[in-house]
Amino acid sequence: MLYPASLSADLQYLAKRYEWNAEDKAEVRAAFTDCPEMVHFFTVLAAAHRAGYEQCAANGFIRLQAWCLEQRLGDPFASGFDLNTLDAMAVEPRRAHA
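Attention here is on the structure that accompanies the text.

Reading the values: the criteria
- Residues numbered from 1 in each chain as written.
- Predicted model: local features only at pLDDT ≥ 70, side-chain atom pairs only at ≥ 80, totals over all residues.
- Heavy atoms only, no water.
- Helix = DSSP H or I, 4+ residues; strand = E, 2+ residues; numbered from the N terminus.
- Rg over C-alpha atoms; globule rule 2.2 N^0.38 Å.
- Phe/Tyr/Trp six-rings, centres within 6.5 Å; stacked < 30°, edge-to-face > 60°.
- Buried < 20%, exposed > 50% of the residue type's maximum accessible area, 1.4 Å probe, protein only.
- Core = buried A, V, L, I, M, F, W, Y, C linked by side-chain atoms within 4.5 Å.
- Contact = heavy atoms within 4.5 Å.
- Axes fitted to C-alpha atoms, helices over the stretch in contact; angles between N-to-C directions.
- Parallel < 35°, antiparallel > 145°, perpendicular 65-115°, else oblique.
- Left-handed = near helix turned anticlockwise from the far one by under 90°.
- Nonpolar A, V, L, I, M, F, W, Y, C, P; charged D, E, K, R; others polar.
- Expected span 1.5 Å × (residues − 1).

Turning our attention to the overall build of the protein. Per the secondary structure count, the protein includes 5 helices and 0 strands. Going from N to C terminus, the protein has its helices and strands arranged as α-α-α-α-α. Against the compact-globule benchmark of 13 Å for 98 residues, the protein has a radius of gyration of 13 Å, which places it among compact chains. Dimensions along the principal axes, computed over C-alpha positions, put the protein at roughly 30 × 30 × 20 Å.

Taken as a whole, this structure holds 6 aromatic pairs when the rule is applied. An angle of 90 degrees between the planes, with centres 5.5 Å apart, marks the rings of tyrosine 3 and phenylalanine 32 as edge-to-face. Separated by 29 residues along the polypeptide, tyrosine 3 in the segment before helix H1 (7-18) and phenylalanine 32 in helix H2 (residues 22-32) bring together distant segments of the chain. On the accessibility criterion, tyrosine 3 (33% relative accessible area) is partly exposed. Residue class for phenylalanine 32 comes out buried when judged on its relative accessible area of 10%.

This part covers the nonpolar core. One finds Leu14, Phe32, Phe42, Tyr53, Leu64, Trp67 and Leu86 to be the most contacted residues of the largest nonpolar core, which totals 24 residues. Mapped onto this core, the elements with two or more residues apiece are H1, H2, helix H3 (36-50) and helix H4 (64-70). If one sorts the elements of this core by residue count, H3 sits on top with 7 residues. Apart from the residues within four sequence positions on either side, leucine 86 is in contact with Val44, Ala47, Ala48, Ala51, Trp67, Leu73 and Phe81.

Orientation of H1 relative to H3, taken along the N-to-C sense of each, is 60 degrees, at an axis distance of 9 Å. The angle between H1 and H3 falls in the class oblique. Here H1 and H3 pass one another in a crossing that is left-handed. Together, Leu7, Ala9, Asp10, Leu11, Tyr13, Leu14, Arg17 and Tyr18 of H1 and Val39, Phe42, Thr43, Leu45, Ala46, His49 and Arg50 of H3 make up the contact between the two elements. Looking at the contact of H1 with H3 residue by residue, the class counts come to 10 nonpolar, 2 polar and 3 charged.

What follows concerns H3. Its 15 residues place the ends of H3 21 Å apart at the C-alpha level, agreeing with the 21 Å of an ideal helix rising 1.5 Å per residue. Along H3, the residues that are buried comprise Val39, Phe42, Thr43, Val44, Leu45, Ala46, Ala47, Ala48, His49 and Arg50. Of the surrounding secondary structure, the elements contacted by the buried residues of H3 are H1, H2, H4 and helix H5 (83-88). Positive phi shows up at glycine 52, right after H3, with a value of about 110 degrees.

The values are spatial; any link to function lies outside them.
Written out as structure tokens, the structure reads:
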């Protein structure tokens, strides 16, 4: 399976943000290996965080899908989801190489 060029930077960003340890990283790697749906999930999750997504008590621990719908981005798990629109909202732009 070919992975998007940005996946490595997205995973590094998420690892830092969530403070993943070696075991967490191994679990994530196992989750996305040969699974395009999980690759898409981690890519959208990283982009959403860059665009201001937070899951906290103040927002009822809003889920990624609900947050994207509130932002009028559509369902991130439906076909045709426009990741470019989400990237355009980024407060912290995606780096090509982390």
